[in-house]
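Notes for the structure review
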Amino acid sequence: GENVEQHPSTLSVQEGDSAVIKCTYSDSASNYFPWYKQELGKRPQLIIDIRSNVGEKKDQRIAVTLNKTAKHFSLHITETQPEDSAVYFCAASGGGFKTIFGAGTRLFVKA
Amino acid sequence: KAGVTQTPRYLIKTRGQQVTLSCSPISGHRSVSWYQQTPGQGLQFLFEYFSETQRNKGNFPGRFSGRQFSNSRSEMNVSTLELGDSALYLCASSTDPRRETQYFGPGTRLLVL
C-alpha cells in the first residue's frame, strides 16, 4: 500500500544551525506534498507545501525540495530558533483522496 | 472564518462501549478527513468524506465508521472499544485534499479503560 517514510525521527540542532528532514513516498500518483508543524498539545498546522510541477519552494527560513523521479522530498529550515522546536510531519496526497503522513520528526532547537 | 471544531474534546470510555465523535468543517469546505494519532504511529488515515460520500478509507477494522451530513459536518463512530483505540482523533477539512491544504481541528482525546 501507500507509504511515506520520514527521517530522522529525532533531530537536535543548535540555535542558528540548519535542520533537514527527508521523506520518501511510494505512490507515484501523489502530486501534492504538504508539511505540517505540530507543537505540544496543539493541532498540526501547514507550514509549507509543494506541488509536483515545482522542484523547489521557499518561504523565508523554510524551503522544500521535490524530486519526483526519486519520489523524495525534503524540508530545510535555516537559522533555527527555539520556537521551531516541534514535531514536523511530511505528507503525500493526490492518489485517491487519501493523505499519507510520515511518522514525524521531533525537532529540538537548543538555545 | 471559524476554524474546524470537534466535540467532545475529551472522552473516557470502557472496553466494549461505543463512541461517536463530531467534526464541523470550515464553512465552504466539503471534504472532511479523519485521522488517528498515537505517540508511536503518527497520523493514520481513517477515511475521507465529500458531499456525504466516503471516497476512501484507511486500514482500520470495520468497528471504525463514519458519515457526513448535507451541511458537511461529519461524525465518526467506534464500536466495541478496545484499549488500543485510545488516541487523539483529528479531523481535517479542505476544499480538495488531493491538492489543497487540510485544516485540522483540535482533536478529541479518547481514553479507553
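Structural notes, computed from the coordinates. (Residues numbered from 1 in each chain as written. Chains lettered and ligands numbered in written order. Predicted model: local features only at pLDDT ≥ 70, side-chain atom pairs only at ≥ 80, totals over all residues. Heavy atoms only, no water.)

**A word on the overall build of chain A**
Basically, it comes down to this: A run of H or I in DSSP counts as a helix once it spans at least four residues, and a run of E counts as a strand once it spans at least two, with each numbered from the N terminus. We compute the radius of gyration over the C-alpha atoms and compare it with the globule rule, which gives 2.2 Å times the number of residues raised to the power 0.38. Residue contacts are defined here by distance: any two heavy atoms, one from each residue, within 4.5 Å place the two residues in contact. With residues, only the protein chains shown are counted as cover, and all accessible areas are computed by Shrake-Rupley using a 1.4 Å probe. The convention is simple: Lys and Arg are positive, Asp and Glu are negative, and His and the chain ends are not counted. Note that the charge is assigned to NZ on lysines, CZ on arginines, CG on aspartates and CD on glutamates.
Secondary structure summary: chain A contains zero helices and 11 strands in total. Moving toward the C terminus, one meets the helices and strands of chain A in the order β-β-β-β-β-β-β-β-β-β-β. The C-alpha atoms of chain A give a radius of gyration of 13 Å, which matches the 13 Å a tight globule of 111 residues would have. Overall size of chain A, expressed as C-alpha extent along the three principal axes, is 40 × 25 × 20 Å. When contacts within chain A are restricted to residue pairs at least 6 apart in sequence, those whose partners lie at least 24 apart make up 52%. Split by element, the accessible area of chain A, about 5400 Å² in all, is 46% carbon and sulfur. The positive charge centre, built from 13 side chains, and the negative charge centre, built from 12, are 4 Å apart in chain A.

**Looking at the overall build of chain B**
This is how the line gets drawn: Here's how the labels work: a residue is buried when its accessible area is under 20% of the maximum for its type, exposed when over 50%, partly exposed in between, all with a 1.4 Å probe on protein chains only.
Per the secondary structure count, chain B includes zero helices and 11 strands. Sequence-ordered secondary structure for chain B, helices as α and strands as β, is β-β-β-β-β-β-β-β-β-β-β. For chain B, the spread of C-alpha atoms along the principal axes amounts to about 35 × 30 × 25 Å. In chain B, buried positions account for 50% of the 113 residues. Long-range contacts, defined as pairs at least 24 residues apart, comprise 54% of the intrachain contacts of chain B with a sequence gap of at least 6. As displayed, chain B offers around 5300 Å² of accessible surface, 47% of which is attributable to carbon and sulfur atoms. Across chain B, the mean location of the 13 positive side-chain charges is 3 Å away from that of the 7 negative side-chain charges.

**Here we look at unusual backbone geometry**
For residues besides glycine, phi is generally negative; the peptide bonds are generally trans as well. Cis rather than trans, the peptide bond between A:H7 and A:P8 has omega equal to -5°. Secondary-structure assignment places A:P8 in the loop between strand 1 (4–7) and strand 2 (10–14). With an omega of -10°, the peptide bond between B:T7 and B:P8 qualifies as cis. Looking at the secondary structure, you find B:P8 in the loop between strand 1 (5–7) and strand 2 (10–13).

**Comments concerning the interface of chain A and chain B**
As a reminder of what qualifies: Accessible surface is computed with a 1.4 Å probe, and the buried area is the amount of it that two parts give up when combined, taken over both parts together. A pairing counts as a salt bridge when a side-chain nitrogen of Lys or Arg comes within 4 Å of a carboxyl oxygen of Asp or Glu. Gly is put with the polar residues, along with every residue not named as nonpolar or charged; the nonpolar set is Ala, Val, Leu, Ile, Met, Phe, Trp, Tyr, Cys and Pro, and the charged set is Asp, Glu, Lys and Arg.
Listed per partner, the contact involves 18 residues of chain A and 21 residues of chain B. For the pair chain A and chain B, the summed buried surface comes to about 1800 Å²; carbon and sulfur atoms form 54% of the total. Three residues, A:R43, A:F97 and A:F101, lead the burial of chain A against chain B; their summed loss comes to 38% of the area buried on that side. Joining chain A to chain B, the criterion identifies one salt bridge. For B:E100, the salt bridge is made with A:R51, and the minimal N-O distance between the two is 3.4 Å. Only strand 4 (32–38) and strand 5 (45–51) of chain A provide two or more residues apiece to the side of chain A that touches chain B. Taken together, the residues that form the side of chain A that touches chain B break down as eight nonpolar, six polar and four charged.

**Section: a nonpolar patch on the surface**
Residue and element names in this part refer to chain B. To be explicit about the condition: By definition, no residue in a patch forms a salt bridge, and every one has over 30% relative accessible area; like charges are joined within 9 Å, nonpolar side chains (Val, Leu, Ile, Met, Phe, Trp, Tyr) within 5 Å.
On the surface, I12, L111 and L113 cluster together into a nonpolar patch covering about 300 Å² of accessible area. Relative to the helices and strands, I12 is located in strand 2. The exposed category is assigned to I12, whose relative accessible area is 60%.

**Brief notes about the nonpolar core**
Selection rule: Nonpolar cores are built from buried Ala, Val, Leu, Ile, Met, Phe, Trp, Tyr and Cys residues. Side-chain atoms within 4.5 Å join them into one set.
Counting residues in hydrophobic clusters, the biggest one holds 25 residues, and the most contacted among them are A:W35, A:F73, A:L75, A:Y88 and A:L107. Residue assignment for this core shows that the elements contributing at least two residues are strand 2, strand 3 (19–25), strand 4, strand 5, strand 7 (62–67), strand 8 (72–77), strand 9 (86–92) and strand 11 (105–110) of chain A. Judged by nonpolar contacts, the second largest core, of 21 residues, contains B:C23, B:I26, B:Y89 and B:C91.

**Things to note about the sheet that holds strand 1 of chain B**
Residue and element names in this part refer to chain B. The cut-off we apply is this: When DSSP finds at least two bridges between two strands, those strands are taken to pair. A fitted line through C-alpha atoms represents every axis, and for helices the fit uses only the stretch in contact; the resulting angles, taken between N-to-C directions, go from 0 to 180 degrees.
Judged by pairing direction, the sheet is antiparallel, and its four strands sit side by side in the order 1-3-8-7 without closing on themselves. What marks the edges here is a single partner per strand, and that holds for strand 1 and strand 7 (64–68). With strand direction ignored, the average angle separating the axes of adjacent strands in the sheet is 20°. Of the pairings in the sheet, the one linking strand 3 (residues 19–24) to strand 8 (residues 74–78) comprises five bridges and is antiparallel in character.

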